[in-house]
Amino acid sequence: MNGGKILVTGGAGYIGSHTATELLDAGHEVVVFDNFANSSRAAADALQVAANRDVAVVEGDVRDADALRRVFRGHDIRAVCHFAAKKAVAESFEQPLSYHDNNVVGTLRLVEQMAAHGVKTLVFSSSATVYGYPVSVPITENMPLAPINPYGRTKLACERLLGDLALSDAEWRISILRYFNPIGAHCSGLLGDSPQGVPTNLMPYIGAVAAGRLPRLRVFGDDYPTPDGTCIRDYIHVVDLAKGHLKALQWLAAAPGLAIHNLGTGAGHSVFEVARAFEEASGRSVPYDVAPRRPGDTPVLYADPSRAAAELEWRAEHGLRRMCEDAWRHVAASAA
Ligand SMILES: NC(=O)c1ccc[n+]([C@@H]2O[C@H](COP(=O)([O-])OP(=O)(O)OC[C@H]3O[C@@H](n4cnc5c(N)ncnc54)[C@H](O)[C@@H]3O)[C@@H](O)[C@H]2O)c1
């Protein structure tokens, strides 16, 4: 792709900041757009240090058409990576309207403004949660979609919206990436998963326990039908995931229409395996208590990433040990 900048909504967040950094490293111009609801201006500053480049950072909400209009008018945008969303499953049960408003209305407003400004290349952050309880593993892209929580349903609603858009206008180039479980951090330690408040994802929670900021890990169920009784997920290094977005943009340059790809490693690790690997990488202990199962947790989820390998020429490279080492470097750097 030639010329123009890439707008990264949610670019101060965990995956967005890593992707912005990879885009900058690859020579792209980037505009970060974020309302800092779950991040901070400091994270946007850190990504500029990590990439050793200045970046335009715009504070704004993707539901705010005027704010988006100003960005499209003020910058020569040629493509958008859309990360901005709320993502906490439990919270989505308590606040379904807020989730649909933020995630679905936000996506709608964004693509309206993209269309109005003739920008029709989009990479969208979807999630393996759209599969719900999979009929089998590994999960392929054409398995049934039946999300089991409001968050997942907002992602599926966005996928449907984007599908209708692509059907209506052959000029759109849309990549839907269904992420599995991103963990780890940039090798500099400058970027990582630094959510506001108590973490809801496993790795930042483990990191907070290892650093002594939280007392103990709560393991939700150790009686699942898995080798050690804890749930198995497809953990993927966030930098591998970020690189998948560059491959998706390359793919879109040659392929109009809508494409869907799983981004995962194709292998699973249990909660206990992750906690143990983190202890080894950090040299700290991660004490835990076993709590009851959480409703809606599926015992085993992992991707079949072969379509991404064949079409995007993308593969995850980093293993669990490296994910934990990089995550710990970020935790330690944040505490210093
Ligand atoms: N982290 C995961 O495990 C995971 C898995 C699958 C999919 N995803 C998806 O990937 C994307 C990025 O996730 P993340 O882990 O980086 O989350 P994150 O919360 O760290 O980043 C999201 C960013 O979007 C911003 N944001 C939220 N709503 C906004 C709005 N209305 N306008 C502008 N900015 C807004 C937040 O402030 C934050 O900086 C999300 O769409 C999420 O649903 C995440």
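Details of the structure are given in the entry above.
In what follows, the accompanying structure is described.

Calculation notes
- Throughout this document, residue positions are counted from 1 along each chain, in the order its sequence is written.
- Residue-level local features of this predicted model are given only where pLDDT is at least 70; pairs of side-chain atoms are given and counted only at 80 or more, and the full residue set underlies all totals for whole chains, interfaces and linings.
- Values reported for side chains reflect all heavy atoms of the structure, with hydrogen atoms and water molecules removed beforehand.
- Runs of E in the DSSP output that reach at least two residues are strands. Runs of H or I that reach at least four are helices, and both are numbered from the N terminus.
- Both definitions apply: the radius of gyration is a C-alpha atom measure, and the globule rule equals 2.2 Å times residues to the power 0.38.
- Here the term buried applies to any residue with accessible area under 20% of the maximum for its type, exposed to any over 50%, and partly exposed to those in between, with areas from a 1.4 Å probe on protein chains only.
- Areas reported here follow the Shrake-Rupley algorithm with a probe of radius 1.4 Å; residue values treat only the protein chains shown as occluding.
- His is not counted here, nor are the chain ends, while Lys and Arg score as positive and Asp and Glu score as negative.
- In this description, the location of a charge corresponds to atom NZ of lysine, CZ of arginine, CG of aspartate or CD of glutamate.
- Here, the term nonpolar core denotes a set of buried Ala, Val, Leu, Ile, Met, Phe, Trp, Tyr and Cys residues that are joined through side-chain atoms within 4.5 Å.
- The criterion used for residue contact is that any of the two residues' heavy atoms lie within 4.5 Å.
- A molecule or strand has a residue near it when one of that residue's heavy atoms lies within 4 Å.
- Any pair of nitrogen or oxygen atoms within 3.5 Å is treated as a polar contact; in protein, a donor-acceptor pairing is required on top of that, and neighbouring residues in sequence qualify only through side-chain atoms on both sides.
- Residue type decides the class: Asp, Glu, Lys and Arg count as charged, Ala, Val, Leu, Ile, Met, Phe, Trp, Tyr, Cys and Pro as nonpolar, and the leftover types, Gly among them, as polar.
- Salt bridge, as used here, is a side-chain nitrogen of Lys or Arg placed within 4 Å of a carboxyl oxygen of Asp or Glu.
- For two strands to be treated as a pair, DSSP must find at least two bridges joining them.
- Axis definition: a line fitted to C-alpha atoms, over the contacting stretch in the case of helices. Angles run 0 to 180 degrees between N-to-C directions.
- Aromatic pairing here means that ring centres of Phe, Tyr or Trp (its six-membered ring) are within 6.5 Å. Orientation follows from the plane angle: under 30 degrees is stacked, over 60 is edge-to-face, and everything else is tilted.
- Placement of a charge over a ring requires the Lys NZ or Arg CZ to be within 6 Å of the ring centre, with the centre-to-atom vector within 35 degrees of the ring normal.

Helix and strand counts for the chain stand at eleven helices and 13 strands. The C-alpha atoms of the chain give 19 Å as radius of gyration, which agrees with the globular expectation for 336 residues (20 Å, within 12%). Taking all 336 residues of the chain together, the buried fraction comes to 55%. Of the roughly 14000 Å² of accessible surface on the chain, a fraction of 50% belongs to carbon and sulfur atoms. Averaging the locations of the 32 positively and 37 negatively charged side chains of the chain gives two centres separated by 2 Å.

This part takes up the nonpolar core. Core analysis: the biggest nonpolar cluster contains 62 residues, and Val 30, Leu 217 and Phe 278 have the highest contact counts within it. If sequence neighbours within four positions are ignored, Phe 278 has contacts with Met 203, Ile 206, Gly 207, Ala 210, Gly 283, Val 286, Cys 324, Ala 327 and Trp 328. Of all hydrophobic cores here, the second largest spans 25 residues; its members include Phe 33, Ala 84, Leu 122 and Ile 176.

Here we come to the site of the ligand. Of all residues adjacent to the ligand, which total 29 residues, the nearest are Asp 34, Asn 38, Ser 39, Lys 87 and Tyr 151. The side chain of Asn 38 places a nitrogen or oxygen atom 2.7 Å from an oxygen atom of the ligand. The backbone of Val 62 places a nitrogen or oxygen atom 3.0 Å from a nitrogen atom of the ligand. Protein contact buries 95% of the 830 Å² of open area that the ligand shows by itself. Residue assignment for the shell around the ligand shows that the elements contributing at least two residues are α1 (14-25), β5 (121-127) and α6 (150-168). No other element matches the three residues that β5 contributes to the shell around the ligand. Among the residues making up the shell around the ligand, the classes are represented as 13 nonpolar, eleven polar and five charged.

Where charged atoms from two side chains of opposite charge approach closely, those side chains can pair. Under the counting rule described, the total for this entry stands at 17 salt bridges. Note that Glu 29 and Arg 53 form a salt bridge whose closest N and O atoms lie 3.5 Å from each other. Highlighted residues: Glu 29 in strand β2 (residues 29-34) and Arg 53 in the loop between α2 (41-51) and β3 (56-59), separated in sequence by 24 residues. Residue Arg 53 is classed as partly exposed on the basis of its relative accessible area, which comes to 25%. Sharing partners across several salt bridges, the network here consists of Asp 61, Arg 63 and Asp 101.

Quick look at the environment of Pro 182 now. One can find Pro 182 in strand β7 (residues 181-183). Separated by 53 residues in the primary sequence, Pro 182 and Tyr 235 place their C-alpha atoms 5.7 Å from one another. Those residues within four positions of Pro 182 in sequence are excluded, and the remaining contacts are Tyr 14, Ile 15, Ile 236 and Leu 241.

Take the sheet that holds strand β4 (residues 77-82) next. Here seven strands make up an open sheet; going across it, the order is β3-β2-β1-β4-β5-β6-β11 and the pairing parallel. Each having just a single partner strand, β3 and β11 (257-263) make up the two edges of the open sheet. Here the average twist between neighbouring strands, direction ignored, is 20°. As paired elements, β5 and strand β6 (residues 173-179) share seven bridges and run parallel to each other. The residue bridging Ser 126 from the neighbouring strand is Arg 178, located in β6.

With the rule as written, the count across this model stands at two aromatic pairs. Measuring from ring centre to ring centre gives 5.0 Å for Phe 272 and Tyr 288, while their planes differ by 45°; the resulting arrangement is tilted. Here Phe 272, found in helix α9 (residues 271-282), pairs with Tyr 288, found in strand β13 (residues 288-291); they are 16 residues apart in sequence, far enough to count as distant. Since its relative accessible area comes to 39%, Tyr 288 is described here as partly exposed. Measuring from ring centre to ring centre gives 6.0 Å for Phe 278 and Trp 328, while their planes differ by 90°; the resulting arrangement is edge-to-face. In this pair, Phe 278 sits in helix α9 while Trp 328 sits in helix α11 (residues 320-335), placing the two residues 50 residues apart along the sequence. In this structure, Arg 293 packs its charged tip against the face of Tyr 224, placed 4.1 Å from the ring centre.

Our focus in this paragraph is the environment of Asp 61. Looking at the element boundaries, Asp 61 is found in the loop between β3 and α3 (65-74). For Asp 61 and Phe 33, which are 28 residues apart along the polypeptide, the C-alpha to C-alpha distance reads 7.8 Å. If we ignore the near neighbours within four places in the chain, the residues touching Asp 61 are Phe 33, Asn 35 and Ala 67. Here Arg 63 takes part through its side chain, which lies 2.6 Å from a polar atom of the side chain of Asp 61.

All we've got here are geometric facts, nothing functional implied.
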